[in-house]
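# Remarks on the overall topology
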Amino acid sequence: MKVTPCAIADVLLIEPRVFGDARGFFCESFNQRAFNQATGLDLRFVQDKLVRVVAGEVFHVAVDMRRESPTFGKWVGEILSADNKRQRWVPPGLAHGFLVLSDTVDFLHKTTDYYAPEYERCIAWNDPTLAIQWPALKGPPRLSAKDAAGMAFLNACAN
């Protein structure tokens, strides 16, 4: 995160780190710890938009990975777009992913805990156990290297 003081005292220009490729971009729009450290402030924000699309359109999927849940291994899908302005809350214990339906997309989400890569799992988009009914595409999906190496759902739950 880059923070630049503006001409008016206490007004700050904040530029998040942005990671992009031909499909669009990902950025962490807010991180309390990084914000506090970069700005020297100790503010607590109490409202934000959950999972949302601000430009473009996606088919968003949430998968229940909670073994004790009656919906373990089930998925739900929903189109989220800048036009429909729908948001989604994905509780802890569920995985989520999305298929970009527009040329590019700006997809934002907020989490309830800091990113911990040691707990991250990537499920194969075409896992036969889940059998997610993705919208029809004109060709094979364009995957990131991480998504292309996704593991089987049952293996991801075992870790």
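A brief report on the enclosed structure follows. (Residues numbered from 1 in each chain as written. Predicted model: local features only at pLDDT ≥ 70, side-chain atom pairs only at ≥ 80, totals over all residues. Heavy atoms only, no water.)

### Observations regarding unusual backbone geometry
For the record, the criterion: Helix and strand definitions here come from DSSP, where helices need a minimum of 4 consecutive H or I residues and strands a minimum of 2 consecutive E residues; each element is numbered from the N-terminal end.
Within the chain, K85 stands out as a residue other than glycine whose phi angle is a positive 55°. As for its position among the elements, K85 is in the loop between β7 (75-81) and β8 (87-88). With phi around 50°, A131 is a residue other than glycine that occupies positive phi space. Assignment of secondary structure puts A131 in the loop between β10 (105-108) and α2 (145-148).

### Structural notes on the packing of aromatic side chains
So the rule is basically this: Centres within 6.5 Å are what make two rings of Phe, Tyr or Trp a pair, Trp counting through its six-membered ring; a difference in plane orientation under 30 degrees is then read as stacked, over 60 as edge-to-face, and the rest as tilted. Three labels apply to residues, based on accessible area from a 1.4 Å probe with only protein chains included: buried if under 20% of the type maximum, exposed if over 50%, partly exposed otherwise in between.
The tally for this structure, following the rule as stated, stands at four aromatic pairs. On the basis of an interplanar angle of 75° and a centroid distance of 5.9 Å, the ring pair of F59 and W134 is categorised as edge-to-face. Of this pair, F59 sits in strand β6 (residues 57-64) while W134 sits in the loop between β10 and α2, placing them 75 residues apart in sequence. Judged by relative accessible area, which is 21%, W134 ranks as partly exposed. Ring centres of F72 and F153 lie 5.3 Å apart, and the angle between their planes is 40°; on these two criteria the pair is classed as tilted. Here F72, found in the loop between β6 and β7, pairs with F153, found in helix α3 (residues 153-158); they are 81 residues apart in sequence, far enough to count as distant.

### Describing the pairing of strand β5 (residues 51-55)
Our working definition: Strands are labelled as partners when DSSP assigns at least two bridges between them.
With two bridges joining them, β5 and β8 adopt antiparallel strand pairing. Looking across to β8, one finds that R52 is bridged to Q87. Here three bridges tie β5 to β10, and the two strands are oriented antiparallel to one another. Across the sheet, the residue bridging to A55 is D106, located in β10.

### Observations concerning the sheet that holds β7
This is how the line gets drawn: Axis angles are defined between N-to-C directions and span 0 to 180 degrees, where every axis is a line fitted to C-alpha atoms and, for a helix, only to the segment in contact.
Taken in spatial order, the three strands line up as β7-β6-β9 in an open sheet, and their pairing is antiparallel. Lying at the two open borders of the sheet, with one neighbouring strand each, are β7 and β9 (94-100). Averaged over neighbouring strand pairs, the angle between their axes works out to 25° when direction is ignored.

### Notes on the environment of P5
Topologically, P5 is positioned in strand β1 (residues 2-5). By relative accessible area, P5 is classed as exposed at 63%.

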